[in-house]
Amino acid sequence: MKIELNNQHKREEMEFDDNSATLSDSDTAYHIRAALLSVQSGDTEMYMQLVGILHHSERLTPDEVALLLTTLKVLSAIVSCIDYVHHEALLNSIFGMNMWNYGPDVMDALLELVIALAASNGKYVDPSLEMLVGNFMPPMYYVDVLKQPRGQARKDQVLSRVHIALKDIAELVPMAASRLSSVVVHRMPTTFKKDLEKDRLKCRTEIYVENMLRLESGAVGEFVGSRMLMAVIDMLVELDVAIGWDDILRDDSCKGIFEIELEDADEIADDDEDNDYDELPRTLSYKSLGKNAVANLLDSLMVRTFEHIELCANNKRLSEVFETLLDSFMLTILTTYKSKFAQFVMFYACALDPKNCGEKFAQRLGDRFFYGHNPLTRMSAVAYLASYLARAKFLPIAFVASTLKRLVDWCLEYCQAQNGDMNPKAHQVFYSGCQAILYVLCFRMRSMLDVPRLKSQLLHMPLDQILKHKLGPLKVCLPSIVLEYLKQAKAAHLFTASETLNFEDMLESEFSRDFGGVERLDMFFPFDPCLLKTCDRSFIRPNFVYWKHVRTTYSNDEEDSSDEDIAEDFGAVNEGSFMEEGVTISLGGRHDDLDKFDDAMNKMSITPKNGFAYRFGGERMQMPSKIRPSTSPESL
């Protein structure tokens, strides 16, 4: 290798081969300085040879590694000689070097140079940060190596050094910390479904998010932590929304309307790994999303986020992180159309600290419902609140009861201030509140009745004044929720048949269909079972209430509270028939009409598979074994 260097306009040629002695550090520094100065005189040959040393990265011989290492160290020592204008090619070479291609010694020398550049001139701060953040992800060709021990060792070597360098630059250059957030967010990998089918891109995205979370809890977390966490949540929401309902629904005659039998399907799969899920019609399982690349990435990223939140809890930082999560939820998830899974980050954070985080989340949702201004946001807030109170196993029943009382008091006050008649669009916020009350009671009524103090509180709630008001909430709310509530309320002796409204009024009508408009926000229960396999099994399931395990008020005396008894009670009020969309159903049970009626009732989001009409034939009527996922396609 020949290197020509300029010394005060005298050219001196020095030839190096495998047998020649290397230059001393002082000689190398002298000649590199000369090469930098030569550019200004128009002689760029030696300068370009210097640049070439930094470009060469593949299959370096020991002598080439030694030359590169010495060059980087010398450049760090004479960083003041590097000019932003004249040495652009050199700077591009430095900032274009990838640490994954080198050993620890070269990594250290390179980072020393990058830190020195950032500290020497504000113009080098952004390129230095860009270079370091660019090393968050391995080169595409290196991803497969990560599956091997040496690949994991290299990953640890690179990333630990990158984060130390970021900390050092932030300490030396105060403005760097604020710039770092923008650089990290700007370089976040863009995810496209077709690209995610390639495992290498998926792996690189996971590593990038891992580094973002590491920044949140690291030495610069004080400056960038909140934005890192919010950016991760934004990515989760973006992936969540990218999962369409066509990716979830089964291909059957009722596609688009379904109920969920999550645990049942999963248990069958555990018993028989070769089980054909198509034998479970109108059923969702983890396998519904098993081959969806976006869902798999979302599952993996949510697991990493859960693990990070758990680590924060172990380090006594949960309350601090939770404020960021709560702000992110209110700004992004609460108002996101079609969010199906991202909200479970909040659910798990609350599960780690039910007293503080868990109750604060419910209170914030309640405040947004009670005092908000945007009707759709208020409806979303109370839907989240109802679903959370119903599903969060870790919430004390006393807290659930007190929150429920706030909802009842608000609805009663609303009724007392209204003189108009039923109008789903004009009073949609009120109907959302009523439906939230009924939904929570379907899950929690029995638990409240088991506690004498809470039982007294429930019995004295003015529910009848609300439900019998001329605004007619029972005509508007989702029929399957209304019917389940009425069944449990009757078993608990909260009312008698003679006090019940006409049975026809309890079923879906044009008022119920109008509720929420085309978007059918009345069907929105965002904490329905999570279909992302790993995060559900490892984090959500132990803290989650499945309908299958709910103790209802009629569960121990079903013969005394049978469907036939309820039908008889309501039949006396309704004279034995029900009209729905022109279909007359006799309590006697004509089979042809029952089939038509069952088809109509399948339009309800959480109607049992067997259909409401079958209850007249003697089968037990209750809410489905599992409530459907967060929304039906029609609701979206």
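Because the structure is predicted, anything quoted here is derived from the model rather than measured.

## Let's talk about the overall build of the chain
(1) Moving on: Along the backbone of the chain there are 27 helices and four strands.
(2) Moving on: Of all 636 residues assigned to the chain, the portion counted as buried reaches 56%.
(3) Moving on: A sequence separation of at least 24 residues applies to 76% of the contacts in the chain between residues at least 6 apart.
(4) Moving on: As presented, the chain carries roughly 27600 Å² of accessible surface, and 48% of it is formed by carbon and sulfur atoms.

## Topic: the pattern of salt bridges
(1) Moving on: Counted by the stated rule, this structure contains 20 salt bridges.
(2) Moving on: Linking Glu-210 and Lys-155 is a salt bridge whose minimum nitrogen-to-oxygen distance equals 3.1 Å. Of this pair, Glu-210 sits in helix H10 (residues 199-217) while Lys-155 sits in helix H7 (residues 149-172); the two residues are 55 residues apart in sequence, bridging distant segments of the chain.
(3) Moving on: Residues Glu-206 and Lys-202 are paired through a salt bridge, measuring 2.6 Å at the closest nitrogen-oxygen approach. Residue Glu-206 and its partner Lys-202 are located together in helix H10, separated by four residues, close to a single helical turn. In this structure, Glu-206 and Lys-202 share a single accessibility class: buried.

## Structural notes on the side chain of His-427
(1) Moving on: Considering the arrangement of structural elements, one finds His-427 in the loop between helix H18 (397-416) and helix H19 (428-449).
(2) Moving on: Discounting chain neighbours no more than four positions away, the residues touching His-427 are Tyr-414, Gln-418, Asp-421 and Leu-471.

## Some details on the packing of aromatic side chains
(1) Moving on: Applying the stated criterion across every chain yields a total of 28 aromatic pairs.
(2) Moving on: Sitting over the face of the ring of Phe-369, Arg-378 holds its NZ or CZ atom 5.7 Å from the ring centroid.

## Let's talk about helix H5 (residues 104-120)
Given 3.6 residues to a turn, an α-helix orients residues that are three or four positions apart in the same direction.
(1) Moving on: Over its 17 residues, H5 extends 24 Å from the first C-alpha to the last, a length consistent with the 24 Å expected when each residue adds 1.5 Å.
(2) Moving on: All buried positions along H5 are accounted for by Val-106, Met-107, Ala-109, Leu-110, Leu-111, Leu-113, Val-114, Ile-115, Leu-117 and Ala-118.
(3) Moving on: Of the surrounding secondary structure, the elements contacted by the buried residues of H5 are helix H3 (62-77), helix H4 (88-95), helix H6 (125-134) and H7.

## A word on the confidence of the model for the chain
(1) Moving on: Averaged over all residues, the pLDDT of the chain equals 77, while 70% of them reach at least 70.
(2) Moving on: Between the elements of the chain, mean pLDDT differs from a low of 28, seen in strand E4 (residues 583-586), to a high of 98, seen in helix H15 (residues 344-352).
(3) Moving on: Residue range residues 250-284 is modelled with pLDDT below 50. Its contacts to residues more than four positions away, or to other chains, number 90 contacts.
(4) Moving on: Scored below 50 in pLDDT, residues 516-522 makes 21 contacts in the model with residues more than four places away or belonging to other chains.

## Some words on the side chain of Asp-353
(1) Moving on: Tracing the backbone through its elements, the reader meets Asp-353 in the loop between H15 and helix H16 (354-371).
(2) Moving on: Among buried Asp, Glu, Lys and Arg side chains, Asp-353 stands out as unpaired, with Lys-360 the closest opposite charge at 8.3 Å.
(3) Moving on: The residues contacting Asp-353, other than those within four sequence positions of it, are Leu-318 and Gly-358.

## As for the packing of H18 against helix H20 (residues 452-459)
What describes two packed helices is the angle between their axes and the distance between those same axes.
(1) Moving on: At a closest axis distance of 11 Å, the pairing of H18 and H20 adopts a crossing angle of 15°. Classed by the angle they form, the pair H18 and H20 counts as roughly parallel. In terms of crossing hand, the pair formed by H18 and H20 is left-handed. In this structure, H18 contributes Ile-397, Ala-398, Ala-401, Ser-402 and Lys-405 to the contact, and H20 contributes Arg-453, Leu-454 and Gln-457.
(2) Moving on: For the contact of H18 with H20, the residue count by class is four nonpolar, two polar and two charged.

## Here we look at the nonpolar core
(1) Moving on: Ile-94, Met-302, Phe-361, Tyr-388, Phe-430 and Tyr-485 are the most contacted members of the largest nonpolar core, which totals 189 residues.
(2) Moving on: A per-element tally of this core places H19 first, with 15 residues.
(3) Moving on: Contacts of Phe-361, omitting those with residues within four sequence positions, involve Phe-322, Leu-326, Phe-329, Met-346, Cys-350, Tyr-388 and Phe-527.

## What to know about the packing of helix H2 (residues 45-55) against H3
(1) Moving on: Look at H2 against H3: their axes get within 9 Å of each other, and the N-to-C directions meet at 115°. Both H2 and H3 take part in a crossing whose hand is left-handed. Only Leu-67, Leu-68, Thr-71, Leu-72 and Leu-75 of H3 make contact with H2, whose side of the interface consists of Leu-50, Ile-53 and Leu-54.
(2) Moving on: For the contact of H2 with H3, the residue count by class is seven nonpolar, one polar and no charged.

## Here we look at unusual backbone geometry
For residues besides glycine, phi is generally negative; the peptide bonds are generally trans as well.
(1) Moving on: Located in the positive-phi region is Lys-316, a residue other than glycine, with phi close to 60°.
(2) Moving on: Here Lys-316 is to be found in the loop between helix H13 (293-314) and helix H14 (318-333).

Cut-offs used in this document
- Counting restarts for each chain: residues are numbered from 1 in the order of the written sequence.
- Predicted model: local features are reported for residues with pLDDT of at least 70 only, side-chain atom pairs are reported and counted for 80 or more only, and whole-chain, interface and lining totals are derived from all residues.
- The basis for every side-chain value is the complete set of heavy atoms in the structure, and neither hydrogens nor water enter the calculation.
- Here a helix means four or more residues in a row that DSSP labels H or I, a strand means two or more in a row labelled E, and each is numbered from the N terminus.
- Residue exposure (1.4 Å probe, protein chains only): buried if accessible area is under 20% of the type maximum, exposed if over 50%, otherwise partly exposed.
- Any two residues whose heavy atoms approach within 4.5 Å are treated as being in contact.
- Using the Shrake-Rupley algorithm and a 1.4 Å probe, accessible areas are obtained, with residue cover drawn only from the displayed protein chains.
- Only one rule defines a salt bridge in this text: a Lys or Arg side-chain nitrogen within 4 Å of an Asp or Glu carboxyl oxygen.
- Each Phe, Tyr or Trp ring (for Trp, its six-membered ring) is paired with any other whose centre lies within 6.5 Å, and the angle between the two planes then decides the class: stacked below 30 degrees, edge-to-face above 60, tilted in between.
- Placement of a positive charge over a ring is assigned whenever Lys NZ or Arg CZ falls within 6 Å of the ring centre and within 35 degrees of the normal to the ring plane.
- By definition here, a helix of n residues has an expected span of 1.5 Å times n minus one.
- Each residue carries a pLDDT score, the predictor's own confidence in it, on a scale running from 0 to 100.
- Positive residues here are Lys and Arg, negative ones are Asp and Glu, while His and the chain termini are left out of the count.
- Axis lines are fitted to C-alpha atoms, over the contacting stretch for helices. Their N-to-C directions set the angle, which ranges from 0 to 180 degrees.
- Working rule for angles: under 35 degrees goes down as roughly parallel, over 145 as roughly antiparallel, 65 to 115 as roughly perpendicular, anything else as oblique.
- What makes a crossing left-handed is the near helix being turned counterclockwise from the far one by less than a right angle; a clockwise turn instead makes it right-handed.
- Under the scheme applied here, ten amino acids are nonpolar (Ala, Val, Leu, Ile, Met, Phe, Trp, Tyr, Cys and Pro), four are charged (Asp, Glu, Lys and Arg), and all others, including Gly, are polar.
- Here, nonpolar core means buried Ala, Val, Leu, Ile, Met, Phe, Trp, Tyr and Cys residues that are tied together by side-chain atoms lying within 4.5 Å of each other.

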